[in-house]
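# Descriptive structure summary
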Amino acid sequence: MQGVPQPAFYIFKCQQSAPPGMPKPSCVSQNDPESAQLFQHLAQSLMMKGIIGTVQPIQTGCLNRCQQGPVMLVEPGHTMYVGLTKEKIDRIVDEHIIGGNVVQEYVIPDEMWGEPVPPSQMAR
C-alpha cells in the first residue's frame, strides 16, 4: 500500500490582516486587494503545475516581518520571501521550488532576518 508522499517543500504564507485604521502594516491589507489573493494564487499555481502533492502551501498568522509584507517562508532552507506579488510567486515557484535556485532578489535582507537563535540559548 502506497501512502501519501512526504512534501519536499512547505510554503508558509502569512495571512495576517490588521484591523481597519491600524497603523501597523500587514501581509493582507484592505488597501491592497491583490494581497488577499496571494495564497489562493500560490495554491492554484502549485495545482496547475502538478506539484501540489509534493509542495504543501500553509496559511499562517504573523511571521513578524510586517514591514516587508506580504511574506512567505519556504522550508527547507529557511528562505523568507518579501514584498510578494502574483508575478513574484510565479517566479519563486518556477525558479526555487521547481528549479532549485533561490530567487535572491526577493529574499529578505540579512539585516532584517539574520541567523536563527537556538532555543537552548534563550531558555531560562
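Calculation rules
- Residues numbered from 1 in each chain as written.
- Predicted model: local features only at pLDDT ≥ 70, side-chain atom pairs only at ≥ 80, totals over all residues.
- Heavy atoms only, no water.
- Pairing = 2+ DSSP bridges.
- Helix = DSSP H or I, 4+ residues; strand = E, 2+ residues; numbered from the N terminus.
- Axes fitted to C-alpha atoms, helices over the stretch in contact; angles between N-to-C directions.
- Contact = heavy atoms within 4.5 Å.
- Buried < 20%, exposed > 50% of the residue type's maximum accessible area, 1.4 Å probe, protein only.
- Polar contact = N/O pair within 3.5 Å; in protein donor to acceptor, adjacent residues only side chain to side chain.

Time to look at the pairing of strand β3 (residues 72–75). As a general feature of sheets, a regular strand has side chains that alternate between the two faces. In the sheet, strand β1 (residues 9–14) pairs with β3 via four bridges, with the strands oriented antiparallel. Note on β3: the bridge partner recorded for Lys-13 is Met-72. Where β3 lies against strand β4 (residues 79–81), three bridges are found, and the strand directions are antiparallel. Bridge pairing in β4 places Val-74 opposite Thr-79. Hairpin connection, β3 to β4: the antiparallel pair is bridged by three residues, and Gly-77 has positive phi, about 115 degrees.

Now for the sheet that holds β4. Here four strands make up an open sheet; going across it, the order is β2-β1-β3-β4 and the pairing mixed. Looking at which strands have only one partner, the edges of the open sheet turn out to be β2 (55–60) and β4. The average undirected angle you get between the axes of adjacent strands in this sheet is 20 degrees. The sheet contacts of helix α1 (residues 38–48) involve β1, β2 and β3, and relative to β2 the element is tilted by about 170 degrees. Docked against the sheet, helix α2 (residues 86–98) engages β1, β2, β3 and β4, running at close to 15 degrees with respect to β3.

The next thing to look at is the side chain of Ser-35. When you line up the elements, Ser-35 lands in the loop between β1 and α1. On the accessibility criterion, Ser-35 (2% relative accessible area) is buried. Reaching out from Ser-35, the side chain makes a polar contact with the backbone nitrogen of Ser-29 at a distance of 2.8 Å. Once residues lying within four places of it in the same chain are set aside, the contact partners of Ser-35 are Cys-27, Val-28, Ser-29 and Pro-70.

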